[in-house]
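Inside the fold
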Amino acid sequence: MLEDSINEPLNTESAVDDATIANFHGESTENWHRMSAWSIIFLIWKLFKGIFISNWPTLVAIFVFLQSKSFSLPWIVGGAGVTTLILFTFSLINYLRFRFFWDEEHLFIQSGIFTRKLKKVPFERIQSVNTSQSLVHRLLGLVSVTVDTAGSAAQEVQISAVSVSFADNLSQTVYEFRQQMAEKKPLDSLLHKEELAIEQDERIAKVDTSDVLIYALFENHLKTAGLILAFVLTIFQQVNQAFEDAPAEFLEQQTGNFVESFKTDLVFALVTIAVLSMVITILFTVIRMFLQNYNTELYKTSKGYRKVSGLLTRKKVELGVSKVQMIAWKTNPLKKFFGLYGFKLSNASTQVVNPGNLTGNIFFIPAMRLSGIKHTIARVLERAIPEMSEATKPVSTVYIFRQTLYFGVIPFLIALGPLLYFEHTNWLLAPLIWLCTVLFYNTFYQRNFRFHFDHETAWVESGVIGRDWVAIEWFKVHNVTLSSSPHQRRKNLCTLTVHTSGDKVTLPYIPTDFGRKIRDLAIWQINTNQRPWM
Amino acid sequence: MEQIPTSYINNVLATQQLPELELVEVENLEPAWKKANAIVWSISFAVLTIGAVVMLWLIRDKILWWTWIAVLAPISIFWAWAVIYPYLAYKKRNYMLREHDITYTTGLIWRNEVTITYNRIQHLEVSQGPIQKFFKLASLQLFTAGGQKSDMGISGLKPETAQKIKAWVAKKAELEQ
C-alpha cells in the first residue's frame, strides 16, 4: 500500500513532489513515519468537530425533521452507521496518506486526501515544537505535536498522535540543530553561553489552583458578559433562521408571563438580566480558566522557557529566550491584593499571525507572582524592572479632550437627537452616564500612562483602574510608524506605534520631537545590535 | 507635560552618526500615479453605482423618490473625493531610502510615516496590475516577520525603479542579517 501510493501519483503535482523527495533522500522510503494507528480516533473526532461546528444548525434541523417523520430504530441505527463509516473511511485515508520524516535540516510532511501535498519545513524556521495531550492521548500514551513556524495557519504542521518518545525525539533533533547553528555563528554562541550552561530544567513558577480560581474570579467580567451576550444572540439568530422563527415563537409563548412582568417593571427586568449574565459569565470564566490553567508550571530550560498547563488536556509549549518579542504583565486592585499578575511572553508564533485561532500557542500564565516575573525579566532583558512611578508621562492632556470628543461627546449628541424627538426623556441618563464614563476613563488613562526607556529597552505602564505593563527591546522592533491628524499637527503632537513580530506598543499624543527621537533610537538599535532577534 | 530627558539619547545618536530623517531628501512617486489611482477608484465606484442603480430600479415601486438621492448622493461625493484625492495627496506621498532603512510617508489629512530597517525585511514583492501596466507603473511590497499583510506597499513606481529598489534592499537585507 505504501509503495503503491508512491508509485502511482494522483496528479502531476504529486509526481513532482515524489521526485523532490527522492532527490532529498534517495531510495530510503522506509524512513517515512506514520502516526500511531490510534490517531484515526483523533482524526475522526477532528473531522466530526469540523463538520459539526460549521454546519450545526443544519444538522440539528435535519435531526428534528427526521424525528417528526418518526423513523423506526433500524433506520436511525443504519443512518448513524453509514455516517460513522464515511467518517471512518475519510479518516483512514487521511491517516494512510499522512507521512513524515526528517533529515538533518528539514522536516517533510506529506498529506492530503484528494491531492497530495508535500511540506518541507526547514528547522531554522521552526519557532517551537509544542505538544498537547488530551485525556484519551494520556490513556494511550500518545501526544499531539504542533510545529510552530510563525507563519500562517496553513503553514503550521500538526501531527495528531505519536508516541511521547517520538515527540521528544523530534524536539531533541530540532534543538540539536539549533545548538549546531549557534556554534557556527560565533556571536550567537557567545550570547547564549550562560543559557547553554544550564543543564537541568528549573521550575521558576507554579500556579496554585486557589490562585487560578481567585484570578479568574477577579477578571474583567463586564467584557466577557458582553461577548457571551453577543455570542448567544448570534447562535439564537442562526437557530431561528434554520427553523424559520419557530424558536422565537416558542420562547415568546413560554416566557409570555415573564416578559409581561418585565414590561411593567423595567428596573426589575434590567437587574434580572444583569445578574443572570454576570453569574453565567463568572461561572464560564472560572471553569474555562481552571480547565486551561490547572497546575500551570513554568520551567527555565537551557534554551528558554517551557510552560505546561491544563487539566483535561495537558499542553506543553516551548519558547527560546531570543524569541521573546515582548513581555507584558497586568493586574487590577483585587488581584494585586492577592499578589496575582497575568503574565505574557509574546513570541512570533502562528497564534499572533492568526489571532482567531484560540487553540494555538499563547505563552500566557495567569496568577503569576511578581517574583517569577522579575526573575524572567532579569534573564530575558538582563535588567530589573525600573521604578515606573518616576518615569515620564509622555501623553499630552490633549488626548483626554480629543478622545472624549470622539467617543463621548459625538455619540452623546447622536443619541440626544432621537431621544428628544421621540420624547424618551427618562432614557436621557444613559448617554449622560456614557459621556461621564468616557471622560473619566480617558482622564485617568492619560494621568496613569508612564514611559521609561534606555538605550536597549522601553517600558510602558498604563491603565485606568488596573495596570498593564509592557517591556520591549528596541532591536526586536520591525516597523516604526509615526502618524498624526491635522489637530495633532497643530498641537505639535503625534502617535508613535512600534511593531515587533509579536505585538505592538502605541504611545498616543506624544510631542512630535520626542516621537522622532524615539524612532531614531529604535532604528539605531535595530541596526547596531547584533543579537539574534528570532 | 513633564520634561523628557532628551540630552541622553541625543549624545548617543550623535556618536553613532545616525542620519536624521528630516534632513535627507525624499523622492516622490511617478506623476502617472495620480491618474492611475483615480481610475482604479473610479472603476470600483462605477461598479458600486451600477449595482446601486440596479437595486433601486428593482424596488422602484416600493421606494420614495428621495431614496434615490439618499443612496446616490453619498456615492457621488465619495467618488468625487476619490478622484480629487490623488491629485491633492500626491506631493504629500513620498519615500526615502537611507543606508539602513526605508521610510514611506502617506496621507493628506492623517499623515503616516512608516520606517522599516532592511535587516528586518523577510520578503519583497514587485507586482503590477492591468491599470498599472497601462501607465507603466509597479508596486513594491515589503514584508517583515509575523505579519501576513505587507508592512509597506509603495504603489506608484516605475517598474525599473521598483526592481532596482527591490534588488538593493534584498542585498542590504542579506548583508545585514
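Computed from a prediction, not measured in an experiment: that's the story for all the values here.

What about the overall build of chain B?
- Along chain B, the regular secondary structure elements total 5 helices and 7 strands.
- Mapped in sequence order, the helices and strands of chain B form the string α-β-α-α-β-β-β-β-α-β-β-α.
- Long-range contacts, defined as pairs at least 24 residues apart, comprise 52% of the intrachain contacts of chain B with a sequence gap of at least 6.
- When the accessible surface of chain B is split by element, carbon and sulfur atoms take 62% of a total near 10700 Å².

Let's talk about the overall build of chain A
- Of regular secondary structure, chain A possesses 20 helices and 20 strands.
- At a minimum sequence separation of 6, the contacts of chain A that also span at least 24 residues come to 61%.
- Accessible area for chain A stands at about 28500 Å²; split by element, carbon and sulfur atoms hold 63% of it.

Description of the sheet that holds strand β10 (residues 304-309) of chain A
Residue and element names in this part refer to chain A.
- In spatial order, the strands read β7-β6-β5-β11-β10-β9-β8; together these 7 strands make up an open sheet with antiparallel pairing. Looking along the sheet, the strands with just one partner apiece sit at the ends: β7 (157-163) and β8 (202-206). Across this sheet, the average inter-strand angle for adjacent strands is 20 degrees, counted without regard to direction.
- As judged from the 4 bridges shared by β8 and strand β9 (residues 297-300), these two strands associate in the antiparallel manner. Opposite Ala205, over in β9, you have Leu298 as the bridge partner.
- Relative to β10, helix α16 (residues 370-380) is tilted by about 150 degrees, and along the sheet it contacts β8, β9 and β10.

Quick word on the confidence of the model for chain B
Residue and element names in this part refer to chain B.
- In the predicted model, chain B carries a mean pLDDT of 82, and the fraction of residues at 70 or more is 82%.
- In this model residues 1-19 is a low-confidence stretch, pLDDT under 50, and it forms 29 contacts with partners more than four residues away in sequence or in other chains.
- Predicted complex metrics record ipTM = 0.80 and pTM = 0.76.

Focus: helix α20 (residues 512-528) of chain A
- The terminal C-alpha atoms of α20(A) lie 24 Å apart, and with 17 residues this matches the ideal 24 Å at 1.5 Å per residue to within 8%.
- The element α20(A) is extensively covered by neighbouring structure, given that 13 of its 17 residues are classed as buried.

Focus on the pattern of salt bridges
Residue and element names in this part refer to chain A.
- All chains considered together, the criterion is met by 13 salt bridges over all chains.
- The partner of Glu297 in a salt bridge is Arg203, and the shortest N-O contact between them spans 2.8 Å. Note that Glu297 is positioned in strand β9 and Arg203 in strand β8, a separation of 94 residues in sequence.
- Its relative accessible area of 11% is what places Glu297 among the buried residues.
- The closest approach of N and O atoms between Arg467 and Glu461, which form a salt bridge, is 3.8 Å.
- Judged by relative accessible area, which is 22%, Arg467 ranks as partly exposed.
- Linked by salt bridges that have partners in common, Arg383, Asp454 and Glu456 make up one network.

Focus: unusual backbone geometry
- The backbone of Ala367(A) shows a phi angle near 55 degrees, a positive value even though the residue is not glycine.
- As for its position among the elements, Ala367(A) is in strand β14 (residues 364-368).
- Look at Ala367(A) and you get buried, because its relative accessible area is 3%.
- Located in the positive-phi region is Lys136(B), a residue other than glycine, with phi close to 55 degrees.
- Relative to the helices and strands, Lys136(B) is located in the loop between α4 (130-134) and β6 (138-144).

Quick word on empty space enclosed by the protein
Residues and elements named next belong to chain A.
- Across all of its chains, the model carries 5 cavities of 30 Å³ or more by this definition.
- In this structure, the second largest cavity occupies an estimated 110 Å³ of space.
- The wall of the second largest cavity is formed by 15 residues, among which Gln127, Ser128, Arg178, Lys303 and Glu318 lie closest to the centre.
- The element contributing the most residues to the lining of the second largest cavity is helix α6 (residues 164-184), with 4 residues.

Parameters at a glance
Residues numbered from 1 in each chain as written. Chains lettered and ligands numbered in written order. Predicted model: local features only at pLDDT ≥ 70, side-chain atom pairs only at ≥ 80, totals over all residues. Heavy atoms only, no water. Helix = DSSP H or I, 4+ residues; strand = E, 2+ residues; numbered from the N terminus. Contact = heavy atoms within 4.5 Å. Areas by Shrake-Rupley, 256 points an atom, 1.4 Å probe, with all protein chains shown as cover. Pairing = 2+ DSSP bridges. Axes fitted to C-alpha atoms, helices over the stretch in contact; angles between N-to-C directions. pLDDT = per-residue confidence, 0-100. Expected span 1.5 Å × (residues − 1). Buried < 20%, exposed > 50% of the residue type's maximum accessible area, 1.4 Å probe, protein only. Salt bridge = Lys/Arg side-chain N within 4 Å of Asp/Glu carboxyl O. 1 Å grid on protein atoms, 1.4 Å probe; cavity = no way out; pocket = protein on both sides within 12 Å on 5 of 7 lines; lining within 4 Å. Points joined across faces, edges and corners; volume = space filled by probe spheres on them.

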